[in-house]
Each structure stands twice: as structure tokens, then as C-alpha cells.
Amino acid sequence: MNSSRSAAVAIRGEILTCFTSAVATYLSRYEVNYAPAIGLQSYFACKFEGGETLKGTFVHQHRSLNGESPLYSLSLCRRWETDREAALAGMRAEWHKSGHLIVVGDAFNLPWLTNHGKKHAAHWFVVEEVDEAGQRFRIRDPFEFADANGTQAAYEGWIPLERLPELAKVHNTPAHPYLARDLFGFGDEEDVPLDAYQGYQWFEATAPFQTGVATTEDLVQELHETLRQMTGQARREDLLRRGFVLGLEAVAALADQFREHLSNPDLYEMGDDFWVAGRQRQLFAHALRHLAAQTGAGKWEELAAWVEEKLAPLWLGIPRLMLYNASCLVRKRPPKDVLIQQAEEVYRAEQEFITKLEELLT
């Protein structure tokens, strides 16, 4: 039986989001390889809502990362306290119980982050160690990127324990894009009342972590599920009830949404969500390479190369075009409809991807 567990899991923060990098770090403490555990999902769902402001909500996993898979069983629940000392006590208690914990911070306050325009945005990171004698704690945050605004390097270091609540302080009234990303960070919506989205936040394990061993058949079955979810053969009922459009239909709808809202500044607040879609496909390619190494089947390596070279860059091109259009609006210039054309190209590439995946699975 082939094993997908790894004693030394190298986390590639340049292909992860802050949410998936935190989950990957958490899993690595149990010697679970994050690539097959959370990476074999190439999915997209979206919901656009009008009104005074245009709101978009996006989902990038068809199965929650906070649940059960052949590789692990994860049971994390968000906790919050409005009292600083109670929050510190709660986080210390979780560390003593589990040996580590995911903390929800505000990018505005985190000293190791390159923060675009100092915006308030949720950022997850992992506290891996608490040194009670030295009154300090060790953070591990492998998330990284580089763009025109600067370089975000992976971070690991010790910080005085008294500063932990400060780094776990969320912004009480985040803009919708940031709140939606946070509450869908695991791939399904957390049941957190908005009036409770305040104070200091972290995640507690509500059940002991369970590890498993995934066979090749288990991993291939995850690819079958990606195919089923993207083509509509299976549909997430929880998202349908909330008004989401799912799978390829959601990708197809993007061009029309861009066309309708091309001159609406609210649209361009969603740029990071498309950047997440691109990174999710980079992670998917990385997971395919793991499957190729495990099975010796070159077909998975070939698909990984195609996803990296064509599909992911097309998705990653959308936020760059959105950033350009946003600058056009600031300068009172008309935005470029090349954004619409890019969305149409993404849809054609997703169709091609589905065809390739179906052929390999058949």
C-alpha cells in the first residue's frame, strides 16, 4: 500500500494562500503531506450580489479542509474572546492541549507581512511552540509571494508571549471581500455571527486529530470528485441553498459579471479571490506531481505541467488586469474590456482541463 504521509513535509508557501498555508503547517505537525491531503481539488463556485455595493463570495474547495479525508480527520472550531487576558489564556490552553494552534490575525497588525495599502484583512498563521520559561512563542507562516508592491517572505520566529493577543486581534468591521474569504477559509462557511466577529480569534481542536494512509485509489477518487463537482454531476447543496453558481457554470458566468460591472469599483475589491483560484491550481499541479511520483504514471506529470503552464497563469492574469482597471477608474479613464476576454479564455481553458482530466481518469 502506497503511503502519502511524510515525516519531513516541505511547505511551498509560494503556491499557497494564507488559509491553505496555515492548514498545511497544521497538518505537517502530524507528518501529513498537505499536497495530496488538500491539493487535489480544482474547483470554483461564486455568488454575486447587488445592492448598494456589489458583493462577491467565492469558494475554491469542493470538500471542506476542516473535516475527514483518507489522510486525516480535522476538527477545528473558531473561538473568540473580547477580553485580552481571557484570549491569551484560551490560546495557551489550546497549545498545551494540542501542541500548536491556528491564530486568526489582522494583516494590518502583523509585523512580518507586506500589507498592500495597510488594509485590514484576515491572515491565518500557526503558533508552533510556546516557551513558558522564556515567555515567548514561535510562529510559523510559510505563506509568500512577490509582486510590484514588495516581497512577502516566509516567516518563522519567536515573539514575546505578551504580544500574542495583539497578533490575534481581528478587525471588527472588515469589508465584505475580506470577511467572506475568512469565513470560507476551509471551503465551507463557518457559522460565526457577524456581531461576534470581533476581539481575539483562534481555532481549537474539538476532537483529537486522526491520521490515515491514503492509497493511490483514494487519491484518484479525489480527482474523480473534482471532475464530478466541476461538471455538475455532483453539486454542493449547501452552496446551492446560498445562491452560489457552481463548477464550470460559475467559470462561464464570470465574463458576464465582468461585462456588467466593468465600471464598478466594487468589482475590483475581489481581485484576490481570483488570485486564490490561480494559486489553488498551482497547488493542484503540485499534488498531481506527488501522485505521479507515487504511481510512476507519467500522465499525471503531463497534466501537472499543462495546469502550471496554461491554466494557472490565465487565472493569475485576472487580478493583474483588475488592478489595472481599478487604476483606470481612479484616473477617470474607461476600464479595459480585455478583462472580459481573459475570463472567456479562462473558461475555455477550464473546459480543456476537464476534458484532459476525464480522458486520464477514463
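Above this text is the structure in question.
Summarised in this report is the structure supplied together with it. Keep in mind that this is a model prediction, so the values were computed, not measured.

Analysis parameters
- Residues numbered from 1 in each chain as written.
- Predicted model: local features only at pLDDT ≥ 70, side-chain atom pairs only at ≥ 80, totals over all residues.
- Heavy atoms only, no water.
- Phe/Tyr/Trp six-rings, centres within 6.5 Å; stacked < 30°, edge-to-face > 60°.
- Helix = DSSP H or I, 4+ residues; strand = E, 2+ residues; numbered from the N terminus.
- Buried < 20%, exposed > 50% of the residue type's maximum accessible area, 1.4 Å probe, protein only.
- Lys NZ or Arg CZ within 6 Å of the ring centre and 35° of its normal.
- 1 Å grid on protein atoms, 1.4 Å probe; cavity = no way out; pocket = protein on both sides within 12 Å on 5 of 7 lines; lining within 4 Å.
- Points joined across faces, edges and corners; volume = space filled by probe spheres on them.
- Nonpolar A, V, L, I, M, F, W, Y, C, P; charged D, E, K, R; others polar.
- Contact = heavy atoms within 4.5 Å.

Taken as a whole, this structure holds 20 aromatic pairs when the rule is applied. Plain terms: the ring middles of Phe44 and Phe274 are 6.4 Å apart, the flat faces sit at 35 degrees to each other, and that makes the pair tilted. One end of the pair, Phe44, is in the loop between helix H2 (34-38) and strand S1 (45-49); the other, Phe274, is in helix H9 (residues 271-295), and 230 residues separate them in sequence. For Phe44, a relative accessible area of 0% gives the class buried. Ring geometry for Trp124 versus Phe186: centroids 4.9 Å apart, planes at 55 degrees, classification tilted. Here Trp124, found in strand S6 (residues 122-131), pairs with Phe186, found in the loop between helix H5 (176-183) and strand S11 (200-205); they are 62 residues apart in sequence, far enough to count as distant. In this pair, the class of Trp124 matches that of Phe186, namely buried. Here the basic side chain of Arg136 rests over the ring of Trp158, its NZ or CZ set 3.9 Å away from the ring centre.

There is about 240 Å³ of room inside the second largest pocket. Around the second largest pocket, the lining is made up of 14 residues, and of these His176, Ala180, Leu183, Phe184 and Glu189 lie nearest the centre. Of all the elements, H5 adds the most residues to the lining of the second largest pocket, at four residues. Class assignment of the residues belonging to the lining of the second largest pocket gives a composition of seven nonpolar, two polar and five charged.

Before going further, it helps to examine the environment of Gly278. Topologically, Gly278 is positioned in helix H9. Residue Gly278 is classed as buried on the basis of its relative accessible area, which comes to 0%. The contacts of Gly278, once residues within four sequence positions are left out, are Ala312, Trp315 and Leu316.

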